[in-house]
Amino acid sequence: MSAGHFSRARTAEQFEKSRERFPKTQSGLEVCCHAEETRPILKSRRRWLHFMRILGIDPGYAIVGYGVVETKDGAYQPLEYGAVTTPAGADFGLRLKEIYEGMTQLLDMFRPRAASVEKLFFINNKTTGIGVAEARGVILLALSQAGVPLFEYTPMQVKQAVTGYGKAQKHQVQEMTRRLLALPEIPKPDDAADALALAICHGQAAGSDLRRRMMERKGGTTHVL
């Protein structure tokens, strides 16, 4: 069975360059979604010594979107975004294992200070919802084992934080996410764009002294309302 992998749409030249820099991780997952290849990192890292690094996660069992963002004083710097994918038709237990391994590698690679995850709602398809919930469970396990505090947000909270309007359309959220991160185009896949929006949402929420103190005090799961 093919291993799950990190993926992001890119040119063949960019992909080959990424493979040279990060050929394979220990579990065989390919890393190929570094935002610095499309937007230069600040030349002086000293200005960001006291930044907050946030990992946004959009849970799923076929595609887990993720986005790593650094924030300071209301400014956002994207480090990496993409998706951990699993093959359709594979044994579901093995798909969960691949998601878990992918998340542990991300956490070890970027060591975020907080994780921002969308709250799970069962709306129409409960069967699909159960699968997403199980995938979400192994993601939360990886976060807990890494000691990364968890913060959960509803879709309306994310829309409000990113666009200023809790009932904004999906394309409006994606476009504002692109602008806030100064990216040349809307991140793909959509799951990655959603994950970046979640990271921005937590950056907004943790910007206040009260939220920041709460985050520093909490070592486990925290619900930010």
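This one's a predicted model, so the numbers in the text were calculated from it and none came from an experiment.

(A) A look at the packing of helix α5 (residues 170-180) against helix α6 (residues 190-205). Axis separation between α5 and α6 bottoms out at 10 Å; the angle between their running directions is 65°. When the interaxial angle is binned, α5 and α6 end up roughly perpendicular. Considering the relative orientation of α5 and α6, their crossing is left-handed. Here α5 contributes Lys170, Val173, Gln174, Thr177 and Leu180 to the contact with α6, which in turn contributes Asp190, Ala193, Asp194, Leu196, Ala197 and Ile200. Considering only residue class, the contact of α5 with α6 consists of 6 nonpolar, 2 polar and 3 charged.

(B) Inspection of the side chain of Asp191 at higher detail. With respect to the secondary-structure elements, Asp191 resides in helix α6. Buried charge without a partner: Asp191 forms no salt bridge, and the closest opposite charge is Lys170, 7.4 Å away. Look past the residues within four positions of Asp191 in its chain and what remains in contact with it is Asp58, Ile63, Gly65 and Tyr66.

(C) Summary view of the environment of Val132. Structurally, the position occupied by Val132 is in helix α3 (residues 126-146). Taking the C-alpha atoms as reference points, Val132 and Pro59, 73 residues apart in sequence, are found 6.6 Å from one another. Residue contacts for Val132: discarding those within four places in its chain leaves Pro59, Gly60, Tyr61 and Leu120.

(D) The pattern of salt bridges, seen in detail. Here the structure, examined in full by the defined rule, presents 8 salt bridges. Here Lys170 and Asp194 are joined by a salt bridge, their closest N and O atoms 3.1 Å apart. Taken together, the residues Lys170 in helix α5 and Asp194 in helix α6 connect sequence positions 24 residues apart. A single network of salt bridges, built from pairs that share partners, joins Glu175, Arg178 and Arg179.

Rules used in this analysis
Residues numbered from 1 in each chain as written. Predicted model: local features only at pLDDT ≥ 70, side-chain atom pairs only at ≥ 80, totals over all residues. Heavy atoms only, no water. Axes fitted to C-alpha atoms, helices over the stretch in contact; angles between N-to-C directions. Helix = DSSP H or I, 4+ residues; strand = E, 2+ residues; numbered from the N terminus. Parallel < 35°, antiparallel > 145°, perpendicular 65-115°, else oblique. Left-handed = near helix turned anticlockwise from the far one by under 90°. Contact = heavy atoms within 4.5 Å. Nonpolar A, V, L, I, M, F, W, Y, C, P; charged D, E, K, R; others polar. Buried < 20%, exposed > 50% of the residue type's maximum accessible area, 1.4 Å probe, protein only. Lys, Arg positive; Asp, Glu negative; His and termini not counted. Salt bridge = Lys/Arg side-chain N within 4 Å of Asp/Glu carboxyl O.

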